[in-house]
Number of protein chains: 2
Amino acid sequence: MTSAKRAVVLLSGGLDSATTLAIAKAEGFEAYAMSFRYGQRHAVELAAAEQVAARIGVAEHRIVDIDLGAFGGSALTADIPVPTTPSTGIPVTYVPARNTIFLSYALAWCEVLGGADIFIGVNAVDYSGYPDCRPQFIRAFETLANLATRAGVEGTVRFTVHAPLIAMAKGDIIRRGTALGVDYGLTRSCYAPDEAGRACGECDSCRIRLAGFTAAGMEDPAEYLRGG
Amino acid sequence: MTSAKRAVVLLSGGLDSATTLAIAKAEGFEAYAMSFRYGQRHAVELAAAEQVAARIGVAEHRIVDIDLGAFGGSALTADIPVPTTPSTGIPVTYVPARNTIFLSYALAWCEVLGGADIFIGVNAVDYSGYPDCRPQFIRAFETLANLATRAGVEGTVRFTVHAPLIAMAKGDIIRRGTALGVDYGLTRSCYAPDEAGRACGECDSCRIRLAGFTAAGMEDPAEYLRGG
């Protein structure tokens, strides 16, 4: 039997997670994509996640409903304006404990699937300064995962949290994904798209993405209202 | 101003978490109780959690819907019989990554509340052998919490995960809670209660609870179908 190893891949519908999914596949994993509906304003990302998962090819794609909005506290889930000028420090679009919650669900599914590998597209170079995108956070979660689970404790599995983009510049991520065949026209990164899903071109996420395409010497196939 | 420090207390409606809530209050915290509806069979616990929260007194009680059942893999959420004889090793009632997910939500709420303290009623003495009830798991989550959050990274908060019962025998927990005025008649521990909420008296959880009352030299006020 030559069955591929199963990996859970967190998939937001953005550029980074699409690239991460392509990398997991290129490394020979059978990919199980997991997305979250958490009251975020940019729900258009979920439609993008479905298209990306279908195009790149996954064994299964689950969209999990979670109620992060109940806690408030972020411009991505509560009624706080998304800023259009760069901020210093951790921005208001930070969602409390978001990646901790996402990775916890991924860990649960991974254990049930009998897998040992979780992929997350965090990036600590061209990013928005979120604390839960840093290497020390990823390592701490990996330690936790092996203490938290039956599989980890019984020693049948050693969980690994893969963050293949964590040290890459955005331009390099785009070049890598393009080489792997990712269609970035399907991905959505904007925090404040219009109803047709067009990117604002002005939020942190749009600015970082556009600068990445410029660095890669490529044109962003996404549709922008301004600035694209 | 003499406002009490805010703490999030995970509250299942069982004996241990009720005692933990009473301890948090006795230590001077303003308690924010958090419970989960996760497709578990023993939903009667949630009604108990509401009664316990109201009796002991909390600033707020939130019940969060989460979809653990979507992953399957446990007798508490899937269609696997709850065993009535003791098992060896980690039992089938283990829910993958359950406490990791619960603590992640608690962390998010705690950060939004501006608190620094989370209470969880895990116990590693008279317990069912779950990996995510052990001291090393709690410590690993505490480390993660301080890396995962804006408050932790900016140094405005040092998160502490309190597990006051972790090294206590069940009889001592019951004595402590009784001294603090906990009404154990409101709590529910059974994994497989009948429709009226009566405890089976035979599952792991019932056996551990009943032995605890015996050790404490007290009578369990809960209603049992058998064995109580």
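The shown structure was predicted, so the numbers you read here are calculated from the model rather than taken from an experiment.

Cut-offs and rules
- Residues numbered from 1 in each chain as written.
- Chains lettered and ligands numbered in written order.
- Predicted model: local features only at pLDDT ≥ 70, side-chain atom pairs only at ≥ 80, totals over all residues.
- Core = buried A, V, L, I, M, F, W, Y, C linked by C-beta atoms within 7 Å.
- Buried ≥ 20, exposed ≤ 12 C-beta atoms within 10 Å, placed from the backbone.
- Contact = placed C-beta atoms within 7 Å.
- Pairing = 2+ DSSP bridges.
- Helix = DSSP H or I, 4+ residues; strand = E, 2+ residues; numbered from the N terminus.
- Axes fitted to C-alpha atoms, helices over the stretch in contact; angles between N-to-C directions.
- Expected span 1.5 Å × (residues − 1).

Colleague: Report on the nonpolar core, specifying residues and quantitative values.
Modeller: Grouped together as the largest cluster of nonpolar side chains are 139 residues, with contacts concentrated most on Val9(A), Ala106(A), Ile118(A), Val9(B), Ala106(B) and Ile118(B). Dropping the residues within four chain positions of it, Ile118(A) is found in contact with Ala7(A), Val8(A), Leu103(A), Ala106(A), Leu107(A), Cys110(A), Phe159(A), Val161(A) and His162(A).

Colleague: Explain the sheet that holds strand β4 (residues 117-119) of chain B to me, and be specific about the residues and the numbers.
Modeller: Residue and element names in this part refer to chain B. The 5 strands lie next to each other as β3-β2-β1-β4-β5, forming an open sheet whose pairing is parallel. Here the strands that pair on one side only, and so sit at the sheet edges, are β3 (60-65) and β5 (160-162). When strand polarity is set aside, the average angle formed by the axes of neighbouring strands in this sheet is 25°. For strand β2 (residues 30-37) and β3, the ladder comprises 6 bridges, and the chain directions are parallel. Note on β3: the bridge partner recorded for Ser 35 is Ile 63. Relative to the sheet, helix α1 (residues 15-26) contacts β1 (6-10), β2 and β4, its axis offset from that of β1 by approximately 170°. Against the sheet, helix α2 (residues 44-56) makes contact with β2 and β3, and its axis sits at roughly 170° relative to β2, the strand it touches most.

Colleague: Can you tell me about α1(B), naming the residues and giving the values?
Modeller: Residues lying three or four places apart along an α-helix face the same way, a consequence of the helix completing one turn every 3.6 residues. Residue and element names in this part refer to chain B. In a regular helix each residue adds 1.5 Å, so 12 residues correspond to 16 Å; α1 covers 17 Å between its end C-alpha atoms and thus fits that length. Counted residue by residue, α1 has 11 buried out of 12 residues, so it is predominantly covered. Those residues of α1 that sit buried are Leu 15, Asp 16, Ser 17, Ala 18, Thr 19, Thr 20, Leu 21, Ala 22, Ile 23, Ala 24 and Lys 25. Here the buried face of α1 lies against β1, β2, α2, β4, α6 (170-179) and α7 (204-216). Once α1 finishes, Gly 28 follows within two positions and takes phi at roughly 95°, a positive value.

Colleague: I'd like a rundown of the sheet that holds strand β5 (residues 160-162) of chain A, residues and numbers included.
Modeller: All names here are of chain A. Reading across the sheet, the 5 strands line up as β3-β2-β1-β4-β5 and stay open at both edges, with parallel pairing between neighbours. Lying at the two open borders of the sheet, with one neighbouring strand each, are β3 (60-65) and β5. Going from strand to strand, the sheet's axes swing by 25° on average, the running direction of each strand aside. Pairing of strand β4 (residues 117-119) with β5 involves 3 bridges; the strand directions are parallel. Each bridged residue has a counterpart across the sheet, and for Phe 119 the counterpart in β5 is His 162. In this fold helix α1 (residues 15-26) packs onto β1 (6-10), β2 (30-37) and β4, with an angle of close to 170° to the strand it touches most, β1. Along the sheet, helix α2 (residues 44-56) makes contact with β2 and β3, crossing β2 at roughly 170°.

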